[in-house]
Amino acid sequence: MHRRQGDDRLPVVLERRRLYILPTRAGAAFGVLLMLMLVAGLNYANSLALFLTFLLAAFALVVMQLCHRNLLGVQVQSLSAAPLFAGSPGVLRVWLGDPAGTARLGLEAAVEGSPRVAADAGAGARACLDVPLPAARRGRLRIARVRLSTAHPFGLFRVWTWVHAPLEVWVYPRPLGRLPMPVYGELQSGRQARPAAGTDEWSGLRPFRDGDSPRAVDWKAYAREAPLLVKEYSLGAAELRLFDFAAVRLADTEARLCQLARWVVEAEARGERYGLVLPGLRLEPDRGPEHRHHCLAALAAFGLGPGG
Amino acid sequence: MSVPDTAAGADAGRGSPRPLLWACAALGGGVLLHADRVPAWAALLALGLLLWRVASARRGRWAPALALRALLALALVVLVLARFRTLNGLAAGTTLLILMAGLKLLETRTRRDYFVLVGTGLFLLLAACLDRQDLLRVPLYALEAWVCCAALAVIGAQGLAPRAALALAGRALLLAAPLAALLFVFFPRLPGSFWAIPRDQQAVTGLADSMSPGSILSLVTSYDTAFRVRFAAEVPPPQERYWRGPVLHEFDGHTWRRAPDAYRPRQALHFLGTAYRYHVWLEPSRQHWWLALDTPAHSPDLHAQLTYDYELLGSEPVAQGLAFVAVSYTHTAAAAPLAAGARREDTALPSGSNPRTAQLAASLRGRTASDAQLVQAALEYLRGGGFVYSLEPPPLGADAVDDFLFRTREGFCGHYASAFVVLMRAAGIPARVVTGYLGGEWNPVARFFVVRQSDAHAWAEVWLEGRGWTRVDPTAVVAPERLRRGILDLLPQGLSVSERMIRSSPWLAYLLQRWDAANDWWSERVLQFDYGAQLDLLARLGIRTPDARQLGWAFMLALLGWLALITWHVGRGGRAARPDALARAYARLCRKLARIAPPRAPHQGPLSLAAMVAAHRPELAPAVRALLERYAQLRYGPPQGAGQARAVAEFRRAVAQLALP
């Protein structure tokens, strides 16, 4: 999908000429009602009925103007989406605001295949809309455009626009599989994997990320209205693991990828150092969010062409 | 869904009962506008369903099954049919609409249902406009329109606060009003109608085309306006302000009726004296009569016919009030003798009835030389016979005229006119009863006469050779004041208490006159603004032969002007929003800091401002920096949900306590 005008560079302020407006279903019904009233008023040559009809028709025009005005000048500040695991719903976070600080109510956002979500931006504040992303297959989910709209006030018209700020979201393979985690034999001979808890030293808290084990979450802090935090432990002695695609004893490629994804997630959660070997690719053992992402992205992209 | 920086949407939850309540209010308003017009059971049923639905808005409720609802709908249709015999027509249609809307309440739960209810409310409002157009009701209609639009706002915005919804709808309606007025003036009207308008059977007070002894009485106790008159130049003297309605020829001993509808040529007349030119605004009467001063010279309008008796008979009942201009004379002379058939008809009496009246006629005939003298003698008889004007006369027997002339001697205009005409006919003089109105109240504010139903009157016309039909008012002989004053001044017991109060207080009477003037303006300028009035207005604007293109251009120009106006207004309204508490506290901090350091540049953020302050007043830097960092965190940091408001309040206090030496 390519657009003649080129892509939008955020932040972008919505201008007049990119806004479209049409009556909603309620608006169309209102129009039919107005036509009926007009015919009745004309037929009875009744001035009061005609004035009422004209008043409501003019009211509809004012509503159209108000609705248009509600989206005009809105600033799309950012679009972002965290990587997600295949089969689980993700979220596209849209930040909208008004540079002049005017209140904008009933702002809606949607992507293709998702329902609309709505939020208000009060005076001088921003609106944050979390658009659910449809569950996808592993790979890269491309969101070419986002539909911003509003029917506020009155719901008789909906004004909308497309924001073309293409976004790619990594869809990691779903972490599945029951095979035990292999040990990087040569370097760590004689040592067995062991649970993360227990002997490790507590090293601090960090924000929750997808794939973190619920057991690692600091629920007490969460109950005190803190964000979702995860307790991190540093291992006294770093364990090294190497997950080799060729060594997974599963027939199906997808199942192997899922198993590898699960190992990566678990090893990272335990704070272990792990590496990944795929046909044509080798990631040396390491740890940390970036490494985890590299590994999971490599799994996500496995076997798919570039850009797929 | 999240509502980050403000709590604006905190109560706009999906489960809010507000949309339902507002939809019910919009519908209920529509039902109330018709409450006194539809059968009581229908209004009560609809209002009861409304209350039930509102009461069950919060808790779980019982909803009848589809089959039951269909059965109910069918039963209600049958009930309406049984009551009205038709579903066509305003009253039947409105009743049906109210009942069906009530049934709709049983299954109302989605947004679409709420929209349907509001639409029904608007349609009921339209029906009310078609039904009644009194100026007094207009505020009610405006209120209902406002409530309906506010309900749309609440439904559209998922539970907007009531005051915000009313303000929003009110603003939109005010902006819409100028365009509505433009459309009202320029939108092409129909010279006729698309389909025939079904007649309504509801009776409104007005002259009937028959008269029995008590029939006028139902009119004279009503203070309603019958019509208004403005004379172009000369005003006839009070004793000549007779407004002609139905002229009655046939008498069966009890009731007077109009002549049968055979075609008869109008009596040729010479018009004498002043030609009075005047404007009449008729109130709705659902009768065919167009009331005109004594003898109209010609028919004022294609839709009215000047009859044999010089009545103005409209082709349609006056359903919505109308206006016409006429020219009348109060003195005429016949240009041709009375046709033999007409003479026979106007001297006919039921045979054998009222023998004593016949004796009186014979004795009068014996005493006088001419018809004119006989008329005078008969009037003398009434004047000297101890007759009393009364609105509560005793009942009359079989020979009603005999009974009245020789026993009771008490009655009002109907009795006197009837007795006088019978007496004339018994003496062989052609005579007829004319019903209509006498007089009218001068309104000095609006400079017109108001003729009320209480001015209803009946008088006689006799044929005098050489003069033709001559008006004789026997009531004026008995109660001469009746010519100058309304019947209700003569007989105040006919008035209600409030009407007596109005009449006894000059300023109340003045207010009433103002109100009449307003009604007149309303009736003339708004209600009567039809195809003809539109052509007149366009002609005054210089468009003699309006064609669609010219009108289209004029209208488009006006529309563009209006659009520019509302675009400007809506845009301006949008900018005027008040900054939130955090922005106000920050502005205050910036003003304080401007006293110790150069003012903040528009592009400068809080942290850069902190650095600048630190450069100027290093000793104050820690406190200032802490505050500015706090602001940056509150404004740009991650949202803090419920704690946000508290944090902003703390920040505001800290700004207030900041002392800058």
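So, a few notes on the structure that sits alongside this text.

Cut-offs applied
Residues numbered from 1 in each chain as written. Chains lettered and ligands numbered in written order. Predicted model: local features only at pLDDT ≥ 70, side-chain atom pairs only at ≥ 80, totals over all residues. Heavy atoms only, no water. Helix = DSSP H or I, 4+ residues; strand = E, 2+ residues; numbered from the N terminus. Buried < 20%, exposed > 50% of the residue type's maximum accessible area, 1.4 Å probe, protein only. Contact = heavy atoms within 4.5 Å. Areas by Shrake-Rupley, 256 points an atom, 1.4 Å probe, with all protein chains shown as cover. Buried area = accessible area lost by both parts, 1.4 Å probe. Salt bridge = Lys/Arg side-chain N within 4 Å of Asp/Glu carboxyl O. Polar contact = N/O pair within 3.5 Å; in protein donor to acceptor, adjacent residues only side chain to side chain. Pairing = 2+ DSSP bridges. Axes fitted to C-alpha atoms, helices over the stretch in contact; angles between N-to-C directions. Parallel < 35°, antiparallel > 145°, perpendicular 65-115°, else oblique. Left-handed = near helix turned anticlockwise from the far one by under 90°. Nonpolar A, V, L, I, M, F, W, Y, C, P; charged D, E, K, R; others polar. Phe/Tyr/Trp six-rings, centres within 6.5 Å; stacked < 30°, edge-to-face > 60°. Lys NZ or Arg CZ within 6 Å of the ring centre and 35° of its normal.

1. Observations regarding the overall build of chain A
Each helix and strand counted, chain A has five helices and 17 strands in total. Here chain A, with 308 residues, has 53% of them falling under the buried criterion. Looking at chain A alone, contacts between residues at least 24 apart form 65% of all its contacts between residues at least 6 apart. A total accessible area of about 14500 Å² is found for chain A, and carbon and sulfur atoms account for 56% of it.

2. A look at the interface of chain A and chain B
Contacts between the two partners involve 50 residues from chain A and, on the opposite side, 69 residues from chain B. Carbon and sulfur atoms make up 73% of the surface buried where chain A meets chain B, a total of about 5200 Å² over both sides. Among the residues of chain A in contact with chain B, A:Tyr44, A:Leu48 and A:Phe154 are the three that bury the most area, contributing 14% of the side total. Viewed at the interface, chain B and chain A are joined by zero salt bridges. On inspection of chain A and its partner chain B, the count reaches two residue pairs in polar contact (both at pLDDT 80 or more). Among the secondary structure elements, those contributing two or more residues to the side of chain A that touches chain B are helix H1 (25-43), helix H2 (47-71), strand E7 (117-121) and strand E8 (126-133) of chain A. Here the side of chain A that touches chain B gets 17 residues from one element, more than from any other, and that element is H2(A).

3. Description of the pairing of strand E3 (residues 242-248) of chain B
All names here are of chain B. Most of E3 sits out of view: seven of its seven residues are buried. Both E3 and strand E17 (residues 431-438) contribute to a ladder of five bridges, which runs antiparallel. Bridge pairing in E17 places Val247 opposite Val434. Bridge count for E3 against strand E9 (residues 292-293) is two bridges, and the pairing is antiparallel. Bridging across to E9, Arg244 finds its partner in Ala292.

4. Quick word on the sheet that holds strand E11 (residues 304-306) of chain B
All names here are of chain B. An order of E8-E12-E11 is seen for the three strands of this open sheet, with the pairing classed as antiparallel. The open sheet terminates on both sides in strands that have one partner only, identified here as strand E8 (289-290) and E11. In the sheet, E11 pairs with strand E12 (residues 312-314) via three bridges, with the strands oriented antiparallel. Its bridge partner lying in E12, Gln305 is registered against Leu313.

5. Notes on the packing of helix H5 (residues 111-131) of chain B against helix H6 (residues 138-156) of chain B
Residues and elements named next belong to chain B. Between H5 and H6, whose axes approach to 10 Å, the crossing angle comes to 170°. Viewed along their axes, H5 and H6 adopt a mutual orientation that is roughly antiparallel. The interaxial crossing formed by H5 with H6 has left-handed handedness. Facing Arg111, Tyr114, Phe115, Val118, Gly121, Leu122, Leu125, Ala128 and Cys129 of H5, the residues of H6 in contact are Tyr141, Glu144, Ala145, Cys148, Ala151, Leu152, Ile155 and Gly156. A breakdown of the residues in the contact of H5 with H6 according to their chemical character gives 13 nonpolar, two polar and two charged.

6. Observations regarding the sheet that holds strand E16 (residues 273-278) of chain A
Within a sheet, adjacent strands bond to each other through the backbone by hydrogen bonds, running parallel or antiparallel. Residue and element names in this part refer to chain A. Pairing within the open sheet is mixed, and its three strands lie in the order E15-E16-E17. One side of each edge strand has no neighbouring strand; the edge strands of this open sheet are strand E15 (240-244) and strand E17 (281-286). The sheet shows a mean angle of 10° between the axes of neighbouring strands, taken without regard to direction. By the bridge criterion, five bridges tie E15 to E16 in an arrangement that is parallel. Within E16, the residue paired with Leu240 across the bridge is Arg273. In the packing of helix H4 (residues 253-270) onto the sheet, the strands contacted are E15 and E16, and the crossing angle to E15 comes to about 170°.

7. Topic: the packing of aromatic side chains
Applying the stated criterion to the full structure yields 27 aromatic pairs over all chains. Aromatic pair A:Phe51 and B:Phe184: ring centres 5.9 Å apart, planes at 75°, arrangement edge-to-face. Placement of A:Phe51 in helix H2 and of B:Phe184 in helix H7 (residues 162-186) is noted, with the two residues assigned to different chains. With a relative accessible area of 29%, A:Phe51 lands in the partly exposed category. For B:Phe184, a relative accessible area of 8% corresponds to the buried category. Ring geometry for B:Phe387 against B:Phe404: centres 5.8 Å apart, planes inclined by 50°, an arrangement best described as tilted. Of this pair, B:Phe387 sits in the loop between helix H11 (371-384) and strand E15 (388-389) while B:Phe404 is found in helix H12 (residues 400-408), placing the two residues 17 residues apart along the sequence. Taken individually, B:Phe387 and B:Phe404 each receive the classification buried, so the pair is uniform in this respect. Each member of the aromatic cluster is reached from another via a ring pair, and the members are B:Phe227, B:Phe231, B:Trp243, B:Tyr276, B:Tyr278, B:Tyr437, B:Trp442 and B:Phe449. Positioned above the aromatic ring of A:Trp95, the side-chain terminus of A:Arg126 is 4.3 Å from the ring centre. Sitting above the plane of the B:Trp469 ring, B:Arg432 keeps its charged end 4.0 Å from the centroid.

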